[in-house]
Amino acid sequence: MPIKRKAFIILVAVFLTYSIVHFAIQRFVIYPGFVSLEREEATKNVQRITNAIFKELEHLNNLCHDWAAWDNTYNYVESPNSDYIESNLHETIFIDNHIDFIAISNNAGEIVWRKAFDAGLQKTVTIESIDFQKSPYSNLKVHNPNGKPLSQVKKMGLLATQDGSLLFSSRPIITSSNRGPIKGAFMMGKFLDDEMIESLTGQVNVDFKVSLYSNTIPDIDGIRRTDSGESTINLEEISVEKLKGTAILNDIFKRPRLKIEAVIERRITQSGRQAIRSASILILAISLSSLFLVLVLIHRIVLRPVSQLTDQFTQIQKTGILVKVDSDDTNDEIGLLRLEFNNLLEQLRTTRRSLLDQSYYTGMGIMAEGILHNLRNTLTPLLGQLGLLREKIFGI
C-alpha cells in the first residue's frame, strides 16, 4: 500500500476517533450538566411558587394579628355590639385587603360574628363548607399550651374546603399591648382562586395551577411525605421543551391536601443543545480544515520528496543513468536524505569511472601481451633458421 494512502487512512482514523470522543464528552459529560442545572432551576421555580403562597399566608397572618391584638376587638368580644362592626368591619376591609372571610369567636368556640364577601361580585356570600362547631374545624381554636408570648401564638395554614383552597389564619384576641387573658380568636381567610393565582404567577413568572386531594392519600403521584410532614418536589419530563413540576402542600392539619403543578419551559437544555450543536459544527469545520491542511503539508513536506526519491531509484534501476535529485536548503531528514543520496550517486559515478579506466588499461595490457605472443610465435621459426644458418657458417 502506498505511504500516501496509509497516511490518509491514519489521519482520517484519528479524525474519526476525535469526533467520537468529542461527541461522547458532549453527550455524557457536558449535556447532563445542563440537565442537572435545569432540574435545579425547575425545583427552585416550584419552590418559589410555594414560597409565594406561604408569603401571602404570612401577610394574612400579620394582618389578622393587627386586628386580634386590638383593644376595640378585645372589648367587642367581651360585650358584642353593632358599633364595632359598622365602624370597622365594613366591605372596604375585604376589598382593600383582598380578604374573603372574617370570623370572630369567643373562648367557648362560639362564633360571635362572621362574614364572607366576594370582591368580584361585590356582595356577601355564604361559605357553607366551614362549620367551626364540627370537626375538624373545631380544632382551630387558638390555645397556648407552651406558654409562648401571646404575640407569637397563632394557627395558620391551608384549609381545603368545598369552595376551594383557603389561606387561613387564626390569632388570639388580646389587648393592644399584647396582654391577655385571651378572649377568643380572630380568624381571616382568603381563597387561592384564579385572581390570586394570576397575581402569584406575575410575581414568580411561572404558570401553575392548584387542585385538591383527599387527606386519605398518603402517597400522591410519586411524591412522598417526609418524616417532618413536608413534601418534596417531583419533576416530570413531558416533552423535550417542557418540564412539569409537582409539589404537595400540607393543610393546617398536616395532611397532604393541595397539589401544585407548574409547567416550566426547558430553556436551559434548549440553550445547552444549541450551544453544543454550534460548538460541534464549529469543531467539525475546524477539524476538517485542519485535516485538509495537515494532508497538504504532509504531502508537500514528506510524501512528495519521498515519492521523488522513489521515482529516482526506479529510474536509475531501469536506465542505469546516475542522475542527481533536486536538492533544497532544508535541514530536515528529507533534505539530509537527498544530500546523502546525491553523495552516494557521486561516489558511484567516481567508482564507475575508476572501474572503466582500470578496465581500459587492463585491456591494453592484455592486447599488448597477445601481440607480443604472436610476434614471438612468428619469430621462433625465424630464429631456428638463423641458428642453423649460423652453424653452417661457422662449421665451414
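For clarity, every value in this text was computed on a predicted model and none was experimentally measured.

Calculation rules
Residues numbered from 1 in each chain as written. Predicted model: local features only at pLDDT ≥ 70, side-chain atom pairs only at ≥ 80, totals over all residues. Heavy atoms only, no water. Buried < 20%, exposed > 50% of the residue type's maximum accessible area, 1.4 Å probe, protein only. Helix = DSSP H or I, 4+ residues; strand = E, 2+ residues; numbered from the N terminus. Pairing = 2+ DSSP bridges. Axes fitted to C-alpha atoms, helices over the stretch in contact; angles between N-to-C directions. Parallel < 35°, antiparallel > 145°, perpendicular 65-115°, else oblique. Left-handed = near helix turned anticlockwise from the far one by under 90°. Contact = heavy atoms within 4.5 Å. Nonpolar A, V, L, I, M, F, W, Y, C, P; charged D, E, K, R; others polar.

## Regarding the pairing of strand 6 (residues 184-191)
Two faces belong to every sheet, and in a regular strand the side chains alternate between them.
Item 1. With respect to burial, strand 6 is a largely interior element, 8 of its 8 residues being buried.
Item 2. Residues of strand 6 alternate between two faces, with G184, F186, M188 and K190 on one and A185, M187, G189 and F191 on the opposite face, all of them buried.
Item 3. Pairing analysis gives 6 bridges linking strand 1 (residues 101-106) to strand 6, with the strands arranged antiparallel. Bridging from a neighbouring strand, N106 pairs with G184 of strand 6.
Item 4. Pairing analysis gives 7 bridges linking strand 5 (residues 164-172) to strand 6, with the strands arranged antiparallel. Paired with L166 across the two strands is F191, which belongs to strand 6.

## So, the packing of helix 1 (residues 3-68) against helix 5 (residues 194-204)
Item 1. Two elements in contact, helix 1 and helix 5, have axes separated by 10 Å at closest approach and are oriented at 125 degrees. Viewed along their axes, helix 1 and helix 5 adopt a mutual orientation that is oblique. The crossing of helix 1 and helix 5 is right-handed. Counting all contacts with helix 1, which are made through R48, I49, A52, I53 and E56, the residues of helix 5 involved are L200, Q203 and V204.
Item 2. For the contact of helix 1 with helix 5, the class distribution of residues is 5 nonpolar, 1 polar and 2 charged.

## Considerations on the packing of helix 1 against helix 6 (residues 267-319)
Item 1. As a packed pair, helix 1 and helix 6 sit with axes 10 Å apart at the nearest point and diverge in direction by 165 degrees. Taken together, the axes of helix 1 and helix 6 lie roughly antiparallel to each other. Judged by the twist between their axes, the crossing of helix 1 over helix 6 is right-handed.
Item 2. Along the lines of polarity and charge, the residues of the contact of helix 1 with helix 6 split into 21 nonpolar, 7 polar and 5 charged.

All we've got here are geometric facts, nothing functional implied.
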